[in-house]
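Residue-level structure breakdown
One letter stands for each residue in the lines below.
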Amino acid sequence: SKSTTDYGYVEKEVNGETCLVYEYIETTSSSEGEDLYGGWWTSTGYTVRTEYSKTPTKMTCTDGKERLVFTYKMIILVYDAEGNEVQRQEIDPFESYDMSWDEAKKNSFTITTSGGGQDIFGNSSSTQTTLTMTVYHGKLITLGSESRTTSSDILGNTTISKSTTDYGYVEKEVNGET
């Protein structure tokens, strides 16, 4: 698996000073590989792009003080093997910041990635993976995944395998905060 992160910066005037601030942060995750027996595989993966506001917004922070802050939105993108965008999920984490964990789980969404490969004999396989995610207190959290792989061989046999992973989270109190 591989992950690439790109940072974009712009100069902005903040409180009378010129500062370098984020324009975006973009992380792309995917996988590809080979095995020792001549097989290979690829996966399209997905991209999480955090885009920051062009101007600061007055917000009341968790300590009750109002501050000018650069807000952001998350954009989750899925591309096909040719690089065409096939799915886009835009999230404003500030709209959901006050949600409880139960509300955040109910507000989940899915993205689906795909991949494929072959073994040394040319037998092919294709995989679709659906990730269930949510945003909680500004963080992107994976709740689960389901993968379905379809393989076929030279004799026309087809095999379908499914894998399901559920992530269980609990709220804990740390330093007096949940």
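Note: the structure precedes this text.
Residues numbered from 1 in each chain as written. Predicted model: local features only at pLDDT ≥ 70, side-chain atom pairs only at ≥ 80, totals over all residues. Heavy atoms only, no water.

1. Details of a nonpolar patch on the surface
The cut-off we apply is this: Two joining distances apply to patches: 9 Å for like charges and 5 Å for nonpolar side chains (Val, Leu, Ile, Met, Phe, Trp, Tyr), and every residue must have over 30% relative accessible area and no salt bridge. The protein chains shown are the only cover counted for residues, whose accessible areas, like all others here, come from Shrake-Rupley with a 1.4 Å probe. For salt bridges, the criterion is a side-chain nitrogen of Lys or Arg within 4 Å of an Asp or Glu carboxyl oxygen. A run of H or I in DSSP counts as a helix once it spans at least four residues, and a run of E counts as a strand once it spans at least two, with each numbered from the N terminus.
There is a patch of nonpolar side chains on the surface, built from Tyr7, Tyr9, Leu20 and Tyr22 and spanning about 440 Å² of accessible area. Of all the secondary structure elements, the ones that give two or more residues to the nonpolar patch are β1 (2-14) and β2 (17-34).

2. Notes on the environment of threonine 130
Note the cut-off: Relative accessible area decides the class of each residue, using a 1.4 Å probe on protein chains only: under 20% of the type maximum gives buried, over 50% gives exposed, and in between gives partly exposed. In what follows, residue pairs with any heavy atoms lying within 4.5 Å of each other are defined as contacts.
Here threonine 130 lies in strand β9 (residues 124-136). Since its relative accessible area comes to 27%, threonine 130 is described here as partly exposed. As a C-alpha pair, threonine 130 and threonine 113 span 17 residues in sequence and 6.5 Å in three-dimensional space. Once residues within four sequence positions are removed from consideration, threonine 130 is found in contact with Thr110, Ile111, Thr112, Gly144, Ser145 and Glu146.

3. Points about the nonpolar core
Inside soluble globular proteins, nonpolar side chains tend to come together where they are buried. The test is simple: Buried residues of nine kinds, namely Ala, Val, Leu, Ile, Met, Phe, Trp, Tyr and Cys, make up a nonpolar core once their side-chain atoms join them within 4.5 Å.
If you look at the biggest cluster of nonpolar residues, it comprises 11 residues: Tyr46, Val48, Met74, Ile76, Val78, Ile91, Phe109, Ile111, Leu131, Met133 and Val135. Counting residues per element, the ones that place at least two in this core are β3 (40-52), β6 (72-79), β8 (109-118) and β9. Setting aside residues no more than four positions away along its own chain, leucine 131 makes contact with Tyr46, Phe109, Thr110, Ile111, Thr142, Gly144 and Ser145. Counting five residues, the second-largest nonpolar core is a separate cluster that includes Trp101, Tyr136, Ile141 and Leu143.

4. Considerations on the pattern of salt bridges
In this structure the tally under the stated criterion is 10 salt bridges. Here lysine 73 ties to glutamate 90 by a salt bridge, and the two come within 3.4 Å at their closest N and O atoms. Placement of the pair is lysine 73 in strand β6 and glutamate 90 in strand β7 (residues 85-91), with a sequence separation of 17 residues. On the basis of relative accessible area, lysine 73 is assigned to the partly exposed category, the value being 32%. Between glutamate 146 and lysine 162 there is a salt bridge, with the nearest N and O atoms lying 3.8 Å from each other. Of this pair, glutamate 146 sits in strand β10 (residues 139-152) while lysine 162 sits in strand β11 (residues 158-166); the two residues are 16 residues apart in sequence, bridging distant segments of the chain. Of the residues examined, glutamate 146 reaches a relative accessible area of 37% and is grouped as partly exposed. Sharing partners across several salt bridges, the network here consists of Lys73, Glu85, Arg88 and Glu90.

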